[in-house]
Every structure is written in C-alpha cells, then in structure tokens.
Protein chains: 2
Amino acid sequence: MSDYKEFDGIDSALTQLPREDLEKIRKIIYGKETHTIDVSDECKELAFKYNIELVTCGFNCKEEQLRSPKLIRVAAFQHKLVPFPTSTPIQEMKYALFKFANKAIRIAARGGANIFCFPELWNMPYAFCTREKNPWCEYAESAKTGPTTKMLQELAKIHNMVIISPILERDDIYNDTLWNTAVIIDNHGEYLGKYRKNHISRNAYLNESIYYTEGNAGHPVFETEFGNIAVCLGSYYPLSWLMFGLNGADIVFNPSAVAGETSEPLWGVAARNAAIANSYFTCAVNRAGTEVFVNDFTTGDGKPPHRESDYFFGSSYITAPNGTRSPGLSRTSNGLLIAEMDLNLCRQIKDQWGLQMTQRLEMYAKLLSKAAQVNFVPQRIRKSQD
Amino acid sequence: MSDYKEFDGIDSALTQLPREDLEKIRKIIYGKETHTIDVSDECKELAFKYNIELVTCGFNCKEEQLRSPKLIRVAAFQHKLVPFPTSTPIQEMKYALFKFANKAIRIAARGGANIFCFPELWNMPYAFCTREKNPWCEYAESAKTGPTTKMLQELAKIHNMVIISPILERDDIYNDTLWNTAVIIDNHGEYLGKYRKNHISRNAYLNESIYYTEGNAGHPVFETEFGNIAVCLGSYYPLSWLMFGLNGADIVFNPSAVAGETSEPLWGVAARNAAIANSYFTCAVNRAGTEVFVNDFTTGDGKPPHRESDYFFGSSYITAPNGTRSPGLSRTSNGLLIAEMDLNLCRQIKDQWGLQMTQRLEMYAKLLSKAAQVNFVPQRIRKSQD
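These figures come from a predicted structure and were not determined experimentally.

On inspection of all chains with the given rule, the structure shows 40 aromatic pairs over all chains. Between the aromatic rings of Y236 of chain A and W353 of chain B, the centroid separation amounts to 6.5 Å while the plane-to-plane angle is 20°, which identifies the pairing as stacked. Of this pair, Y236 of chain A sits in the loop between β8 (227-231) and α6 (238-246) while W353 of chain B sits in helix α8 (residues 344-353), on two different chains. Judged by its relative accessible area of 12%, W353 of chain B is buried. Measuring from centroid to centroid gives 5.6 Å for F128 of chain B and Y212 of chain B, while their planes differ by 75°, and the two rings are edge-to-face. Separated by 84 residues along the polypeptide, F128 of chain B in the loop between β3 (115-117) and α5 (147-159) and Y212 of chain B in the loop between β6 (191-196) and β7 (221-224) bring together distant segments of the chain. Residues F128 of chain B and Y212 of chain B agree in their burial class; the two are buried. An aromatic cluster is defined as three or more aromatic residues linked by ring pairs; in this entry it consists of F77, F98, F100, F116, F118 and W122 of chain A. Lying across the ring of Y4 of chain A, K27 of chain B places its NZ or CZ 4.5 Å from the centre.

Right, here's the structure in full:
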C-alpha cells in the first residue's frame with residue numbers, strides 16, 4: 001500500500017461497486033439521502049481554474065407551518081500548504097495563503113455560501129511536530145487586530161459572508177500568551193469574537209502543549225444572521241461538544257489539522273457523533289498534504305529523524321443533526337465543500353428524538369462534581385449485590 | 001431497493017472491490033489491522049449446525065515489561081426471535097429462547113469466550129411498538145431470582161463465563177416497578193448485580209417511556225476475573241458513556257434493540273465514538289429480524305396501521321480504545337462475534353493520547369451545574385467582543 005497517501009478517498013473508490021450495493025452501503029454508512037444543489041457556472045469554472053475540488057450537497061428537511069425555512073449554505077475549505085515550502089519567509093507565506101484564501105472565498109461566494117470555515121491554524125505550517133519555537137511563534141497574531149483578521153474582514157464584507165478563521169493567537173492584552181484560537185467575523189466585516197481551544201492534546205507527535213495552553217474563553221455561541229454558530233477545537237471531548245449544544249448552537253464548526261493512520265479512522269466518527277448526540281450540524285474541516293521542514297525532527301515513535309510531517313488526510317465533511325453526512329472532500333487535494341441546510345432541522349430532530357430532554361443533566365452535574373474530586377470513589381461492584 | 005431488509009451488510013458487499021482498494025477503505029473506516037484468532041473445530045461445527053453466523057477477530061496490543069497481557073475473549077450474541085411467533089405463550093417462548101441461548105453459549109464457550117453478552121431485552125419480543133401492556137409486562141422477571149437469571153447462573157458456572165443478560169425487570173422490592181435492566185452474572189454463577197437503563201427514549205415508535213422509567217442504579221462497573229465491565233443502555237448519551245469510563249471500565253457492553261433506516265446510520269458511530277472518547281473497549285450487540293404482532297398498531301409516522309415491527313438490523317460489532325473496530329455480524333441473521341483483546345490496551349491508549357488528563361472535568365462539572373438550573377444563561381455572543 002505504498003500509494004496510500006495518494007489514495008483519493010472512499011467516496012470515489014466505492015463507485016466501483018454495483019449501483020445497487022453502492023446505494024445500500026451509502027444508506028448505512030452515510031445515512032439519509034441528500035439532494036443536489038445548484039451553484040453558478042462561475043463557481044464551477046473558478047474551482048476548475050484554481051484546481052480546487054468542488055463538492056456540493058443539500059440536506060433534506062421538512063417544511064413547517066409556523067416557521068419559514070432557514071436555508072443557509074456553509075462552505076468548508078481544505079487546503080494544502082504545498083507548493084509553498086515551510087521555509088518561505090513568514091510575510092511571503094501569509095501573503096501567498098491570503099491570495100489563495102481570496103480565491104477560495106470568491107468561489108464559495110459564487111456558490112452561495114453564507115458561512116466559510118478554514119481548517120485549524122490555516123495561515124501557517126502545522127509546525128509543532130518540529131518542537132521549534134522559532135520561527136513558528138512569529139506566525140502568531142492578534143485575534144482582533146492582526147493582519148489575517150483585517151484581510152478577512154474586507155472579504156467578509158464584500159461577500160456578505162461570515163468567516164471562521166482559526167489562527168495562532170498572540171494575546172496582545174495578556175502578556176504575549178499564545179492560544180490556539182478561532183476568530184469569528186460577521187457578514188458585515190465586524191470582528192464578532194473568538195473561541196480558544198479548550199483541550200490541548202499531550203502526545204509525542206503534536207506537541208501542542210509546549211506552544212499554548214488550555215483556552216479560557218468558554219464555549220461561546222455566536223448569533224449571526226445565518227444561525228447560531230460555534231467552533232469546537234477538541235474533537236475527542238464529548239463534554240466540549242455538549243456545551244455548544246447547551247449554549248444553543250445550530251452549527252458547530254470543527255476546524256482540524258489531523259494527520260496519519262492513527263487519527264484517520266477516528267475522523268469520520270467524532271464530529272458525526274457530536275451532531276447526533278447534540279442535534280446540531282457539525283462541519284469538520286481538515287487540511288491536506290504533507291509538510292516538509294528544514295531541520296530533522298523526531299516523533300517519539302522510534303522512527304529515525306525525518307523532515308516530513310505525517311500526511312494530513314483532508315476528507316472534510318458535514319453532518320446533519322439526524323446523523324446524515326455529506327460526501328467527503330478528497331484526502332489529498334485542495335477542496336471546497338458547499339452544503340445547503342435548513343437550520344429548522346435541529347429543532348425538528350430535538351422534537352423527534354428528545355435527547356435534550358432525556359439527558360438528565362442534573363444527575364451528571366452532581367456525578368461529575370464528585371468525579372472531579374481527588375478523593376473520588378468510583379462506583380465499583382466487587383461481589384454480589386441486590 | 002426492495003431487498004434492503006435482506007441486504008447482508010457492508011462487509012460482504014465491500015469484498016467485491018479490488019483488493020487494494022478494499023484494504024485502503026478498511027483502514028479508513030475500520031482502523032488498524034486486526035488478526036485472526038483460533039477457535040476450536042467444535043465451535044465452528046456447532047455454529048454451522050445451528051445456523052449461527054460465526055465471526056472472529058483479534059485486536060492487536062503491544063506487550064509491556066511490567067504487566068502480563070490480560071487476554072480475554074468476548075462473545076456478542078445477536079439473534080432473531082423468528083421462528084417463534086410473538087404470540088407464543090410466554091413460558092413456551094422463554095423456554096424456546098433458553099434452549100437457543102444454551103446453544104449459543106456452548107458455541108461461545110468452545111470459542112474460548114470469557115464474557116457473553118445478549119442484546120437488550122433478549123428473552124422477549126421487542127413489543128413496545130404495540131403499546132400493549134398485556135401480555136408484554138408479564139415477561140418481566142426479578143433480576144436476582146427470576147427464571148432467566150437462574151438458568152444463566154447454571155450456564156455461567158458450567159462454562160466459567162461471565163454473562164450479561166438484559167431483561168425487563170420486575171422490581172420485587174419496590175412495588176412492582178418495571179425497569180429495563182442488565183443482569184451481570186459472574187463466572188462462578190453468582191449474581192453480581194444489575195444496571196438499569198438511565199435514559200429512556202421518548203419517541204413515537206419505541207414508546208419505552210410508557211413501560212418503565214429512568215434507572216436509579218447509577219453507572220456501576222463490575223470487577224470480574226476477566227476485567228472491569230459495565231453495561232450502557234443509552235447509546236446516544238455521551239455523559240452516560242463518560243461515567244463508565246470514570247468508574248474504571250475496561251469494556252462497556254451496549255446491548256441494543258435498534259431497528260430501521262433512521263437508526264442504522266447511527267449504529268456504527270455511537271459505541272465507536274464512546275470507545276475513542278473514553279479509552280475502553282465497547283461491544284455493541286443488536287437483535288436481528290422483523291417481529292410480527294397479532295394486533296394492528298400505528299407508529300405515529302403517518303403509515304397505515306400494521307403488525308410488523310421495523311427490521312432490527314443486527315450488525316453487532318466491537319471497538320477497541322484506539323477506535324479500531326471488528327467486522328460486523330450480518331444485518332439479517334443469528335450470529336456470534338468472538339473477539340480477543342488484551343485489556344492492557346486501555347491504559348496504553350490513555351498513556352498515548354491522554355484524553356483522561358486533558359478533559360477538564362472540574363470545569364465541566366461547574367458548567368453542567370449551571371446548565372441544569374432553570375435560570376441558566378447560555379454563553380451567547382451577539383455583537384463584537386474582545
């Protein structure tokens with residue numbers, strides 16, 4: 001399987017199956033049928049011109065008697081840093097990425113997108129595998145006044161689009177602290193606020209915890225003209241997803257930078273489960289490609305020192321509150337996934353399933369309070385009990 | 001797709017793909033490679049004789065220097081009530097199911113199983129779709145002294161096997177209350193204790209909430225000779241899964257009785273996500289087949305009155321703490337899934353990923369305490385904030 005990195009993904013491979021089997025398999029692994037949506041020819045042509053894969057999809061939703069549909073379109077943008085070498089000077093790299101982002105946002109606008117989401121730390125190499133502080137910390141910017149936010153504010157205004165921009169944040173108020181942050185810009189170009197990653201992984205490959213610490217900005221839900229949205233940078237923490245549900249999110253974006261064989265089988269599961277458990281849409285966005293660094297680094301896994309990151313496997317996808325998911329973007333290329341959804345579906349599923357009413361929050365609040373204590377006694381049964 | 005109900009499942013359909021693609025797809029949707037395990041010829045012959053599909057699988061795990069492997073085998077048993085009509089007199093139905101269970105347990109024993117798990121409410125029709133109280137409530141038994149427990153205690157002792165038996169419980173202490181309960185019997189035939197379903201769904205098809213109420217037995221973890229085990233009857237409640245992790249489970253069994261097109265796409269997601277999020281094994285066991293009742297009933301979905309249940313889609317499967325999953329049993333037949341696992345993998349994954357150390361339990365305990373109050377104010381951002 002030497003060409004595994006180049007494998008485009010399961011959607012295209014499955015099309016080799018007999019149509020009848022394919023339909024059944026899709027029902028089981030992807031859920032209810034989705035419909036096709038129209039996007040302008042200009043959108044398609046631009047995507048083709050800039051070599052950005054374009055995947056579109058519409059989620060079905062019943063009409064209601066008292067509420068009008070809240071139809072919106074979400075764009076998930078996944079990109080490779082290649083062809084820009086990681087050694088590109090910072091200003092130059094940012095400028096190149098800004099230019100590319102500009103194109104992607106234009107295509108999304110032509111596709112009718114109302115909300116646009118980048119992957120995690122989209123405007124820099126995912127360089128934490130190197131454990132080098134220099135020059136990577138120099139990529140950090142002010143969430144509110146940094147150049148990336150400024151640039152995107154312009155585009156948000158021009159295209160009447162909410163933009164979610166996950167960056168490495170330099171906290172200009174609190175003593176130069178770094179955070180892994182998502183900036184939310186509204187469709188008038190106003191800076192709406194930020195979310196800071198709450199759970200920082202502690203593993204030998206990612207090394208996140210030596211760059212920044214646990215977020216202190218809570219689990220904000222942003223009320224926009226296109227729905228209540230939130231950002232979750234913590235795919236494997238169901239409590240994190242839960243809080244966005246309790247705070248009233250319609251869509252939770254999950255910008256990521258995940259790579260390699262250990263993470264890939266988890267990718268289709270975490271954000272999808274969150275949509276099911278919390279009756280909201282989730283939009284999981286990943287980067288693609290392999291990034292090559294100048295200096296050798298080790299990854300704590302016995303492999304010899306090397307310069308290549310693990311491969312980021314793309315595969316961005318969107319899930320509806322009933323668990324139905326969109327096709328995925330490719331594993332290997334730049335791509336734009338545009339999905340249309342009626343936000344009314346969230347409440348419809350809550351009415352249908354009632355998970356929010358049967359979750360016994362009060363009981364768990366007490367249980368977690370006990371479990372968080374140092375003298376916690378787990379509920380264990382060693383011998384026969386009634 | 002008229003034969004959707006008879007579709008065997010994705011595992012067999014995928015084998016039509018070119019081998020190279022199949023391997024890649026399996027890696028992405030199922031995770032790391034598993035290995036084959038040996039079971040006795042007698043096990044295979046008996047399974048063949050009794051027309052029970054036999055699927056086996058071994059999860060890989062590194063050897064440690066200080067701890068010996070804790071190799072155990074788990075058997076998930078899925079069955080159809082057919083050919084016994086739902087109108088079969090209760091004693092007769094139970095006797096028929098006892099006989100069949102006896103066979104399945106014998107096969108599992110010959111396959112080296114240490115723990116055996118039935119689906120939810122295994123010894124009765126899943127009759128709540130009818131909304132009839134009579135005769136279905138008569139199926140309820142004492143968890144500790146009922147005939148099903150007595151019968152299984154004998155088998156557990158003979159086969160040196162822990163048995164998980166989910167039944168409709170008649171509470172013989174507390175005023176004839178009914179519960180949806182899992183009974184745990186240890187490998188010496190001792191009644192070890194019980195777990196009562198904590199989350200009772202409120203939807204128009206299942207009608208669970210008119211038969212029994214929310215469990216009051218907590219989230220017990222049972223310390224057995226074959227590991228710390230628990231039972232979760234609440235697939236879509238991440239908080240429930242979390243508590244079993246906090247209480248120290250190595251394996252959480254998820255006996256189910258789920259049916260139909262709405263639930264099937266969720267089936268591969270919920271228990272698998274729980275294994276990933278909590279670094280334990282999960283074993284999701286479902287019944288199979290369609291059950292036909294004597295009287296017409298409606299299902300609140302506009303369909304005309306009918307007598308057939310939705311189809312239970314089997315597809316039982318097991319997930320390791322690293323997210324790797326076993327093949328599934330068929331969607332349509334009686335089956336036995338025997339998987340070998342080293343329980344050391346749980347701690348290895350905790351050491352590797354550290355999710356249990358980065359989950360910020362104390363923060364969420366406080367957040368949930370607030371969220372459970374009637375005057376809860378969600379964290380919402382309406383206009384620009386710093």
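Additional details are given in the paragraphs that follow.
This part covers the environment of H219 of chain A. Residue and element names in this part refer to chain A. Structurally, H219 is set in the loop between β6 (191-196) and β7 (221-224). For the pair H219 and M243, spaced 24 residues apart in sequence, the C-alpha to C-alpha distance is 6.4 Å. Reaching out from H219, the side chain makes a polar contact with the side chain of N198 at a distance of 3.4 Å.

What follows covers the sheet that holds strand β16 (residues 335-342) of chain B. Residues and elements named next belong to chain B. Pairing within the open sheet is mixed, and its 7 strands lie in the order β1-β16-β2-β3-β4-β5-β6. Only two strands of the sheet have a single neighbouring strand rather than two, namely β1 (53-58) and β6. On average, adjacent strands in this sheet sit at an angle of 25° to one another, irrespective of strand direction. Of the strand pairs in this sheet, β1 and β16 are connected by 6 bridges, and their pairing is parallel. Counted as the bridge partner of T56 is I338 from β16.

Chain A puts 90 residues into the contact, and the matching count from chain B is 90 residues. When chain A packs against chain B, the two sides together hide about 8700 Å² of surface, and 62% of this comes from carbon and sulfur. For the chain A face of the interface with chain B, the top three residues by lost area are I28, Y364 and Q379 of chain A, together amounting to 8%. Counting across the interface, chain A meets chain B through 6 salt bridges. Residue E223 of chain B is joined to R380 of chain A by a salt bridge in which the shortest nitrogen-to-oxygen separation is 2.8 Å. The tally of links from chain A across to chain B stands at 37 residue pairs in polar contact (both at pLDDT 80 or more). Its residues placed into classes, the side of chain A that touches chain B shows 44 nonpolar, 24 polar and 22 charged. Two strands pair when backbone bridges link them, and strand β17 (residues 380-381) of chain A and β7 of chain B are joined in this way by 2 bridges, in the parallel orientation. Note that in β7 of chain B the partner of I381 of chain A across the bridge is F222 of chain B.

Cut-offs and rules
- Residues numbered from 1 in each chain as written.
- Chains lettered and ligands numbered in written order.
- Predicted model: local features only at pLDDT ≥ 70, side-chain atom pairs only at ≥ 80, totals over all residues.
- Heavy atoms only, no water.
- Phe/Tyr/Trp six-rings, centres within 6.5 Å; stacked < 30°, edge-to-face > 60°.
- Helix = DSSP H or I, 4+ residues; strand = E, 2+ residues; numbered from the N terminus.
- Buried < 20%, exposed > 50% of the residue type's maximum accessible area, 1.4 Å probe, protein only.
- Lys NZ or Arg CZ within 6 Å of the ring centre and 35° of its normal.
- Polar contact = N/O pair within 3.5 Å; in protein donor to acceptor, adjacent residues only side chain to side chain.
- Pairing = 2+ DSSP bridges.
- Axes fitted to C-alpha atoms, helices over the stretch in contact; angles between N-to-C directions.
- Contact = heavy atoms within 4.5 Å.
- Buried area = accessible area lost by both parts, 1.4 Å probe.
- Salt bridge = Lys/Arg side-chain N within 4 Å of Asp/Glu carboxyl O.
- Nonpolar A, V, L, I, M, F, W, Y, C, P; charged D, E, K, R; others polar.

As far as function goes, none of this settles anything; it's purely spatial.
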